Every structure is written in structure tokens, then in C-alpha cells.
Amino acid sequence: MSQNRNSPIKITHAPESKINSVDFEGLIFGSIFTDHMLTCDYIDGNWDKPEIKPYAPFMIDPSAKVFHYGQAIFEGMKAFKDDNNDVWLFRPAENFERFNKSAARMAMPEVPAEIFMDGLRQLVDLERNWIKSGAGNSLYIRPFMIAVGTGVMATPSQHYRFMIILSPAKSYYSGDVKVIIAEYYSRAANGGIGAAKAAGNYAAQFYPTKLANEKGFQQIIWTDDATHTKLEEAGTMNVFVRIGDTLLTAPTSERILDGVTRKSLIQLAQKCGINLDIRSVLVNEIVEAARDGSLKEIFGAGTAAVVNPIKGFSYQDTYYELATPDDSFALQLKKELNDIQYRLAEDVFGWMEKV
């Protein structure tokens, strides 16, 4: 068992903030980072003391195992500021728990709560001026861990680096989203790492997504690897489908990421009295519902966009267009969740944690 040489986190302040040079109205998602970052190394079975320091590049050996064997995991989460200038984290314990599940699956050390959670709170508190109040504004939080141990022998690293970086964000909007339902490529396979938030999962999506882009589609709805008959995820998001007045989403599995936004929307749907069915969703039933008019909505759910409605999909070279219904579940659930995140509605679930 690893030991933690923990003590109060050392903070080295940036000599000068770059916040006044940032155009907060013209932010491009994930492109601007705050003044500080948290870093902590794991070496030979022990966690070092975490440190918050000025955001900056760092040196890494060319033989670092992250480059050669892909030991890299991450999380995506957000902080919000309400109209009283109080800062709130959204369900951080869920991300912490999932991060360590990913670590275990990738043969990486689990990060103690006093490093991940305490470090997260202190870093966000230090950078609270980077969080703007008002709908659509947030602070995107990216915890990650990479194998920095050296050598090209195909074994797990003995040296890892855990870090948290922060990026101010506006409302995420990618325009109309049209998707292709996958008939050949898969996001993940049974026995693989689909349920882990591993960097390689996302790298493997880039090529088939590029092919979809070349055909005029923005994303892919992934299907199961064995039969390609069941919907699994939409791009980098969990996927929901509405047929008639029933909302459907696939159960999590070793192929499907246990999304924090997904589970939040499920609870909100139940609270709102929406008929919800968590089960395998077949491609054929989606196509048939599109043909007979009972397919009302398809949308992705994830941290960055919260909810991303899908305008239409292509399957076997046939395109099916979807009109946004007046009683859109996607828009209703997005508003319900955003109102909780921005402290405009009562948080009956206890999801928000004050910093």
C-alpha cells in the first residue's frame, strides 16, 4: 500500500496575473488557462507533497512511459459562481471516485482525497477571480495523471505525475450537430478500457470522427463492438433518446463511461416525472421511430456542453432529420441542471459544494 507524505499544500504565487489580458467574452473552450496549477508526484510507492505553483510547461524525459505505453487518465468537471460571488463545485466527489477507478484500471496509483479534493478546493479558491458569475460562465477543471517514469520496457511506470489545471469557460455551443450511427468502428470493447476516462479512448475516436466530418457530420453515435446494433455513446458524451414521451439511455458497462452529467439528468428526469427507461437502445428501433415520427429527440450529455441536441442522424446512407419539439426534454433538463449549478433553484440533491 502506498504511503502519503501529506502536509498542508505549499503555494507559490505567480509574480503577475494574466487575467486582465483575457477576453472573457470571446473564450474558446479549453484554450486559456489560469495563473496556477496543482502538481504532485508519485515515486516508488509514495506520494510527494502536493504543490500549487504558477502555470508553466515542465520538462519530461523522451522515454517517459506516457509516450510509449499510454498510461494517462483525466477528468472533466466545473466550478460556478453565483450572484453573491460564492464559488461552488458540482459533484466533485463523483469525479474523484471515477478518477481513481480509471487509475486502478490503468495500473496507476490511486490519488488520496487529501491531494485530489483538498488540492482542488485550494486551487479553485486561489483562482476564484477567474470565475465569472452569470449564466453560461464557469471554470472548467481538468485533473489528470500521466506516467513520467523513464524507460521503454513494456511495464507500468514507477513514477507518475498528478496535476490539476483550470480554464475559464463560456457556454459551449457547437452549432447544429448531425451524426452518423457507427456501423464498423467502435469506441470500446468488452474487457477493454471504455469505462475508464483514459486518454487513449479519445485518441482512438479521432480517425472515425474525421471520416464523419468529411461527409458533413460533426460526430458519431457509437454502437456496440460485437453487433453494432446497440447505441452506446454520442461522440465524447453519453447519449439519450426520446421515443414518444419516454426517455431512453443505455446502462453503463465496461464499454460505457459512467457520466456525472448522465446520472444527474437521470435523477432530474425522475424528479420531473419524465418516463425514463434505462436499457439497451437498438439502432433498428431508432430508425423505425424516425420513420414513423415517434422519434422526438436525441441528445448527448457531458460536462462541457451539459446537453447537446442532435439535429439528425445518418444510418446506412439514409439521413433522418429531427425537429426540436416544443416540449423538449433536452432543453428542460438542461435548464433544470443549470439552475442548480448557478444556484437559481434549490439543490434538493445536495450536488453543489461551496468552496
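Residues numbered from 1 in each chain as written. Predicted model: local features only at pLDDT ≥ 70, side-chain atom pairs only at ≥ 80, totals over all residues. Heavy atoms only, no water.

1. A look at the layout of surface pockets
Test applied: Any residue with an atom within 4 Å of a point lines the site, the site being either a cavity, points on a 1 Å grid over the protein atoms alone where a 1.4 Å probe fits but cannot get out, or a pocket, an open set with protein on both sides within 12 Å along at least 5 of 7 lines. Grid points are joined across faces, edges and corners, and a volume is the space filled by probe spheres set on the points. Put simply, DSSP H or I for four residues or longer makes a helix, DSSP E for two residues or longer makes a strand, and each gets a number counted from the N terminus. Each residue gets one of three labels, nonpolar for Ala, Val, Leu, Ile, Met, Phe, Trp, Tyr, Cys and Pro, charged for Asp, Glu, Lys and Arg, and polar for the others, Gly among them.
In this structure, the largest pocket encloses a volume near 1100 Å³. Residue contributions to the lining of the largest pocket peak at six residues, all from helix α4 (residues 199-214). Its residues placed into classes, the lining of the largest pocket shows 25 nonpolar, 17 polar and five charged. In terms of lining residues, the second largest pocket is bounded by 22 residues, among which D176, P309, I310, K311 and T324 are the most central. Here the residues of the lining of the second largest pocket sort into twelve nonpolar, five polar and five charged.

2. Things to note about the nonpolar core
Cut-off, in case you're wondering: By nonpolar core is meant a set of buried Ala, Val, Leu, Ile, Met, Phe, Trp, Tyr and Cys residues that side-chain atoms within 4.5 Å join together. Exposed residues in this analysis have more than 50% of their type's maximum accessible area, buried residues have under 20%, and partly exposed residues fall in between, with area computed by a 1.4 Å probe over protein chains only. Any two residues whose heavy atoms approach within 4.5 Å at even a single point are treated as in contact.
Counting residues in hydrophobic clusters, the biggest one holds 51 residues, and the most contacted among them are F116, V124, I141, M145 and F162. Mapped by element, the contributors of at least two residues to this core are β3 (36-43), β6 (72-74), β7 (77-81), β8 (87-90), α2 (92-105), α3 (113-126), β9 (138-147) and β10 (159-169). What M145 contacts, discounting residues up to four positions off in sequence, is W47, Q71, A72, I73, F99, A103, M108, P109, V111, Y160, R161 and F162.

3. So, the environment of I52
Note that I52 resides in strand β5 (residues 51-54). Take I52: its relative accessible area is 0%, and that puts it in the buried class. On a C-alpha basis, the gap between I52 and V281 in space is 45 Å, while along the polypeptide they are 229 residues apart. I52 has contacts with I9, K10, I11, T12, H36, M37, L38, G119, Q122, L123 and L126, leaving out every residue within four places of it along the chain.

4. Side note on empty space enclosed by the protein
The tally for this structure, following the rule as stated, stands at two cavities of 30 Å³ or more. Taken as a whole, the largest cavity holds about 90 Å³ of empty space. Forming the walls of the largest cavity are 13 residues, and the residues nearest its centre are K78, F90, T261, T303 and Q341. Within the residue set of the lining of the largest cavity, elements represented by two or more residues are β7, α5 (260-271) and α7 (329-341). Class assignment for the residues of the lining of the largest cavity results in six nonpolar, six polar and one charged. Approximately 40 Å³ is the volume found for the second largest cavity. For the second largest cavity, the full set of lining residues is F24, L27, W130, K132, N137, S138, P168, A169 and K170.

5. Points about the packing of aromatic side chains
Using the following cut-off: Side-chain rings of Phe, Tyr and Trp (the six-membered ring for Trp) are treated as a pair once their centres are within 6.5 Å; stacked means planes under 30 degrees apart, edge-to-face means over 60, and tilted covers the remaining angles. The rule for a charge over a ring is simple: NZ of Lys or CZ of Arg within 6 Å of the ring centre, and within 35 degrees of the ring normal.
Within this structure, the stated rule accounts for 18 aromatic pairs. Relative to W351, the ring of F349 lies with its centre 4.2 Å away and its plane at 10 degrees, an arrangement referred to as stacked. Accessibility expressed as a relative area gives 25% for F349, which makes it partly exposed. Here the basic side chain of R161 rests over the ring of F58, its NZ or CZ set 5.0 Å away from the ring centre. Lying over the aromatic face of F329, R242 brings its terminal NZ or CZ to 3.8 Å of the ring centre.

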